[in-house]
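Descriptive structure summary
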Amino acid sequence: MVDTRSCHWLNLLLLGLLLFKAQAVYVPITYVRSAVARGAVCLDGSPPAYHWDRGFGTGINSWLIQLEGGGWCNNVTSCLVRKNTHLGSSNRMVKQIPFSGILNNKKLFNPDFYNWNRVKVRYCDGSSFTGDVASVNPVTNLHFRGARVWLAVMEDLLAKGMRNAENAVMSGCSAGGLASILHCDSFRALLPMGTKVKCISDAGYFINAKDVSGGHYIETFFDQLVATHGSAKNLLPSCISRIRPGLCFFPQYMAQQIQTPLFIINAAYDSWQIRNVLAPVIADPHGFWESCKLDIKNCLPRQIKTMQDFRLQFLAALLRIGKSSSRGMFIDSCYAHCQTEMQELWHMSDSPLLNKTTIAKAVGDWFYDRNPFQRIDCAYPCNPTCHNRVYDPQPHHYPDL
């Protein structure tokens, strides 16, 4: 008994030491104040911002650009609310943020990118960095300039050494993951011909699916977003020449046209999409889905059936972009959203696995052409390595954008 207890406490101690070593480094904010004169500003007119942890050793000329997520605003009303938060104003952003997961600076926890220049680009425009409306309404003082923000930050980083990059990755989570698809080829075009460039989209593969009421909530939302932000001019020309611009926010209609190698990381039961695409509040006025959305273990059999159908729709939308040997894919069966910046999901001893491989290992092997990785998980609840997300009840529900 004593030996068993000793081993238990020893294991806990070792786990605690490992977590302590994995402690994220805090990186200070940098404001691109020169961008203001060019109109490259957040919703409230404040300057763009990013956090940069410099590369070292063999990674000094390698760059990883991580685009922050945080949903979108689709009309003046929602953008006015957003303007007064860190997602609409750099004045509201904290001065330091932790870098973990794909941004971690320790080899043990981020084997392939730990010593690269790692940059977190802050998100303050509400359009996945696509908006560009020249005029500013003096009443609302809203600036829809997301595309200018993206370019201003990229130009600032190029001047600080990214123009000499030997390796470069543009990544992002959620709305940032969508932005990494939308801007992938533009990122490639900014860098020298000899640079090895690839893109990663984490939880950015939003699908055009009906909600539980049979409505088209997310399709309407994206139509309104594109109109409000003037985004059409910054979407893929090969897409908007075929279909209306709002649909070109969905990767299933445009990702096939991306020429730069792309790795797609997504949960087939993406918790954000279950909460806001499949069962948004507007489609569930009586709250039938509320408990299920908080914790997948609370879901009734018929709700699980609906979510299994959603998974099939997600996979169909994913396969719609066709096969490509240059593309990577890690599609797990977890109830999760954004898995690259959370250390426990990116690369730890108990991280989610596909084919006995962590996300970090899969992405690193793909980037360095050591081994291709294109895996789609079996259906829930087949994967015991999942970290299924549990949400806290919200007294007043707003979409977790």
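Residues numbered from 1 in each chain as written. Predicted model: local features only at pLDDT ≥ 70, side-chain atom pairs only at ≥ 80, totals over all residues. Heavy atoms only, no water.

With respect to the helices and strands, the residue S333 is situated in the loop between strand 9 (328-332) and helix 12 (343-346). Classification of S333 by relative accessible area gives buried; the value is 2%. Side chain to side chain, S333 and D377 meet in a polar contact 2.9 Å long. Within polar-contact distance, the side chain of S333 engages the backbone oxygen of C378 at 3.4 Å. If near-sequence neighbours (up to four positions away) are discounted, S333 is found in contact with Y269, D377, C378, A379, Y380, C382, N383 and C386. (Helix = DSSP H or I, 4+ residues; strand = E, 2+ residues; numbered from the N terminus. Buried < 20%, exposed > 50% of the residue type's maximum accessible area, 1.4 Å probe, protein only. Polar contact = N/O pair within 3.5 Å; in protein donor to acceptor, adjacent residues only side chain to side chain. Contact = heavy atoms within 4.5 Å.)

Moving on, we get to the confidence of the model for the protein. When pLDDT is averaged along the protein, the result is 94; 93% of the residues meet or exceed 70. Between the elements of the protein, mean pLDDT differs from a low of 48, seen in helix 1 (residues 2-21), to a high of 99, seen in strand 5 (residues 117-121). In the model, residues 12-17 has pLDDT below 50 throughout and makes 0 contacts with residues more than four positions away in sequence or in other chains. Taken as a whole, residues 396-401 scores under 50 in pLDDT and shows 14 contacts with residues more than four places along the chain or in a different chain. (pLDDT = per-residue confidence, 0-100.)

This part takes up the packing of aromatic side chains. In total, this model carries 23 aromatic pairs according to the counting rule given. Relative to F314, the ring of Y205 lies with its centre 5.8 Å away and its plane at 75°, an arrangement referred to as edge-to-face. A residue pair is termed long-range when its members are at least 10 positions apart, and Y205 in the loop between strand 7 (196-202) and helix 6 (217-229) and F314 in helix 11 (residues 301-319) qualify at 109 residues. Judged by relative accessible area, which is 0%, Y205 ranks as buried. Geometrically, the ring pair formed by Y217 and F221 is tilted, given 6.2 Å between the ring centres and 45° between the ring planes. With Y217 and F221 both in helix 6, this residue pair falls 4 residues apart, about one helical turn. A residue is classified by how much of its surface remains accessible, and Y217, at 24% relative accessible area, is partly exposed. Classification of F221 as buried rests on a relative accessible area of 6%. (Phe/Tyr/Trp six-rings, centres within 6.5 Å; stacked < 30°, edge-to-face > 60°.)

Now for the pattern of salt bridges. Oppositely charged side chains can form a pair if their charged atoms are brought close together. Enumeration over the complete set of coordinates arrives at 14 salt bridges. Note that D132 and R148 form a salt bridge whose closest N and O atoms lie 2.8 Å from each other. In this pair, D132 sits in the loop between strand 5 and helix 3 (146-159) while R148 sits in helix 3, placing the two residues 16 residues apart along the sequence. Among the ionic pairs, D156 bridges to K160, the shortest N-O distance being 3.1 Å. The exposure class of D156 is buried, given its relative accessible area of 17%. (Salt bridge = Lys/Arg side-chain N within 4 Å of Asp/Glu carboxyl O.)

Quick look at the pairing of strand 7 now. Burial of strand 7 is extensive: 6 of the 7 residues sit out of reach of the surface. Sheet topology note: the strand 6 (residues 167-172)/strand 7 ladder contains 4 bridges and is parallel. Looking at strand 7, one finds that A168 is bridged to V197. With 4 bridges joining them, strand 7 and strand 8 (residues 262-267) adopt parallel strand pairing. Directly across from S201, in strand 8, lies its bridge partner I264. (Pairing = 2+ DSSP bridges.)

On to helix 4 (residues 175-182). Counted residue by residue, helix 4 has 8 buried out of 8 residues, so it is predominantly covered. Looking at helix 4, one finds that the buried residues are A175, G176, G177, L178, A179, S180, I181 and L182. The secondary structure elements touched by the buried residues of helix 4 are strand 3 (62-67), strand 6, helix 5 (184-190), strand 7, helix 8 (251-254) and strand 8.

Scanning the entire structure with this criterion turns up 8 disulfides. Residue C73 pairs covalently with C79 via a disulfide, S to S 2.1 Å. The S-S bond linking C73 to C79 shows a torsion near 90°; that makes this disulfide right-handed. For the pair C73 and C79, one class covers both residues: buried. Covalently, C292 is tied to C299 through a disulfide, its sulfur atoms 1.9 Å apart. (Disulfide = S-S within 2.5 Å.)

Below, the discussion takes up the nonpolar core. Judged by nonpolar contacts, the single largest core of 81 residues is most densely connected at I65, W72, M162, F187 and M307. Once you skip the residues sitting within four places of it in the chain, I65 turns out to touch V119, V121, M154, L157, M162, V169, M170, S171 and F187. If you look at the next biggest cluster of nonpolar residues, it comprises 22 residues, including L64, I97, L354 and I359. (Core = buried A, V, L, I, M, F, W, Y, C linked by side-chain atoms within 4.5 Å.)

Okay, the environment of D377 next. Inspection of the secondary structure assignment puts D377 in the segment after strand 10 (374-376). With 23 residues separating them along the chain, D377 and L354 place their C-alpha atoms 6.8 Å apart. Apart from residues no more than four positions distant in its own chain, D377 is found in contact with R311, I331, D332, S333, L354, C382 and N383.

For G214, the position within the fold is in the loop between strand 7 and helix 6. Taking the relative accessible area as the measure of exposure, G214 reaches 39% and is therefore partly exposed. Through-space distance from the C-alpha of G214 to that of A283 is 8.2 Å; in sequence the pair is 69 residues apart.

What follows concerns helix 3. For helix 3, spanning 14 residues, the distance from its first C-alpha to its last is 20 Å, which sits close to the expected 20 Å at 1.5 Å a residue. Buried within helix 3 we find G146, A147, V149, W150, A152, V153, M154, D156, L157 and L158. Tucked into the core, helix 3 has its buried residues touching strand 2 (49-53), strand 3, strand 5, strand 6 and helix 5. Note on helix 3: the residue one or two positions beyond its end, G161, has a positive phi of about 125°. (Expected span 1.5 Å × (residues − 1).)

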